[in-house]
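Chain residues, written in single-letter form:
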Amino acid sequence: MIEVTPTAPLQGRVSVPGSKYIANRVLLLAALARGQSHISNLPDNDDIRLAVAGLRELGVGIEGDLPTLTITGLDNFTGTGDKHLDVGSSGTLARFITAVSALFSSRITIDGSAQLRRRPMAPLLAALGQLQVNVTSHDGKLPITVAGPLAGGACELDAGLSSQFASGLAIASTRADRVVTVRLTGKPVSLSYLK
């Protein structure tokens, strides 16, 4: 047992780094927004650096250095040419960038670490297929190749495994050609992130 006897009131200022889960969402929303977004307090870690690199590869204008970035959103989702995106070990990024890649008419391949290649992606891939997006995968897992466009329509998505599938699809749907209706099946997990 350790006993601590206070000698004076504690004072100071603490800066808490932002959440990588929220930061991934914010980065993708800024990339799809029209105009410029100024974002601060982004965490500086592998997941966020990979997200920034992947968005740059897709043609998103990003200036500055972490933790503060200025992002110029995309207006055009055609003519990028075939791309290969490395998501490392970031499951959040893999799920989000797969959905966003459906907006592009070119072929975009998403791949990651050996560990991430074992994680499931099938619910998202099934939903994208129902939305007429061309998707190929390794048995529902990475590597995945996506070719849009995400025109719109209706799909079902099993949200019982992860909220990230639905979050990624919701983010991407903001720039679909028509309304996207997603019927969630299964008991949604991490509902606060989805909201």
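Since the model is a prediction, treat every value here as computed from it, not as a measurement.

J.: Requested: an account of the overall build of the chain, with residues and values cited.
T.: Across its full length, the chain holds 6 helices and 9 strands. Reported as C-alpha extents along the three principal axes, the dimensions of the chain are approximately 65 × 40 × 35 Å. Evaluated residue by residue, the chain yields a buried proportion of 46% over its 195 residues. Looking at the chain alone, contacts between residues at least 24 apart form 74% of all its contacts between residues at least 6 apart. Once the 18 positive and 15 negative side-chain charges of the chain are each reduced to a mean point, those two points are 6 Å apart.

J.: Kindly report on the side chain of Ser106, identifying the contributing residues and their values.
T.: With respect to the secondary-structure elements, Ser106 resides in the loop between helix H3 (91–101) and strand S5 (108–111). Judged by relative accessible area, which is 10%, Ser106 ranks as buried. Of note is the side chain of Ser106, whose polar atom sits 3.2 Å from the backbone oxygen of Gly81.

J.: Which residues make up helix H5 (residues 163–173), and what values do they have?
T.: Extensive coverage of H5 is indicated by the burial of 10 of its 11 residues. Here the buried face of H5 lies against helix H1 (20–32), H3, helix H4 (122–130), strand S8 (153–158), strand S9 (180–185) and helix H6 (191–194). Where H5 begins, the capping side chain belongs to Ser162, and its oxygen is found 3.0 Å from the backbone nitrogen of Gln164.

J.: An account of the packing of H3 against H4 is requested, with residue identities and associated values reported.
T.: One way to put it is that H3 packs onto H4 with a least axis distance of 11 Å and a crossing angle of 10 degrees. As far as their axial angle goes, H4 and H3 are roughly parallel. Here Arg95, Thr98 and Ala99 of H3 come into contact with H4, specifically with Leu124, Leu125 and Leu128. Residue composition of the contact of H3 with H4, grouped by class: 4 nonpolar, 1 polar and 1 charged.

J.: Any details on the sheet that holds strand S2 (residues 61–65)? Residues and values, ideally.
T.: As summarised here, the arrangement of the 3 strands in space is S1-S3-S2, forming an open sheet in which the pairing is antiparallel. Of all strands in the sheet, those with a lone pairing partner are strand S1 (36–39) and S2, marking the two edges. Pairwise comparison of adjacent strand axes, ignoring direction, gives a mean angle of 15 degrees for this sheet.

J.: I'd love a proper account of the sheet that holds strand S4 (residues 83–86), names of residues and values included.
T.: With mixed pairing, 4 strands are arranged side by side in an open sheet as S4-S5-S7-S6. Only two strands of the sheet have a single neighbouring strand rather than two, namely S4 and strand S6 (134–138). With direction set aside, neighbouring strand axes in the sheet form an average angle of 15 degrees. Inspection of the sheet shows S6 paired to strand S7 (residues 141–147) by 5 bridges, in the antiparallel sense.

J.: Please provide a residue-by-residue account of the packing of H1 against H5, values included.
T.: Relative orientation and spacing of two packed helices are given, respectively, by the angle between their axes and the distance between those axes. The geometry of H1 relative to H5 is characterised by a closest axis approach of 10 Å and an angle of 20 degrees between their N-to-C directions. Regarding the angle of H1 to H5, the classification is roughly parallel. At the point where H1 passes H5, the crossing takes the right-handed sense. For the pair H1 and H5, contact is made by Tyr21, Arg25, Leu28, Leu29 and Leu32 and by Ser163, Gln164, Ser167, Ile171 and Ala172, respectively. Of the residues belonging to the contact of H1 with H5, the class tally is 6 nonpolar, 3 polar and 1 charged.

J.: How would you explain the pairing of S2 if you had to name every residue and give the values?
T.: Here S2 pairs with strand S3 (residues 68–72) via 5 bridges, running antiparallel. Bridging from a neighbouring strand, Glu63 pairs with Thr70 of S3. Adjacent in sequence and paired antiparallel, S2 and S3 are bridged by 2 residues.

What counts, and where the lines are drawn
- Residues numbered from 1 in each chain as written.
- Predicted model: local features only at pLDDT ≥ 70, side-chain atom pairs only at ≥ 80, totals over all residues.
- Heavy atoms only, no water.
- Helix = DSSP H or I, 4+ residues; strand = E, 2+ residues; numbered from the N terminus.
- Buried < 20%, exposed > 50% of the residue type's maximum accessible area, 1.4 Å probe, protein only.
- Contact = heavy atoms within 4.5 Å.
- Lys, Arg positive; Asp, Glu negative; His and termini not counted.
- Charge placed at Lys NZ, Arg CZ, Asp CG, Glu CD.
- Polar contact = N/O pair within 3.5 Å; in protein donor to acceptor, adjacent residues only side chain to side chain.
- Axes fitted to C-alpha atoms, helices over the stretch in contact; angles between N-to-C directions.
- Parallel < 35°, antiparallel > 145°, perpendicular 65-115°, else oblique.
- Nonpolar A, V, L, I, M, F, W, Y, C, P; charged D, E, K, R; others polar.
- Pairing = 2+ DSSP bridges.
- Left-handed = near helix turned anticlockwise from the far one by under 90°.

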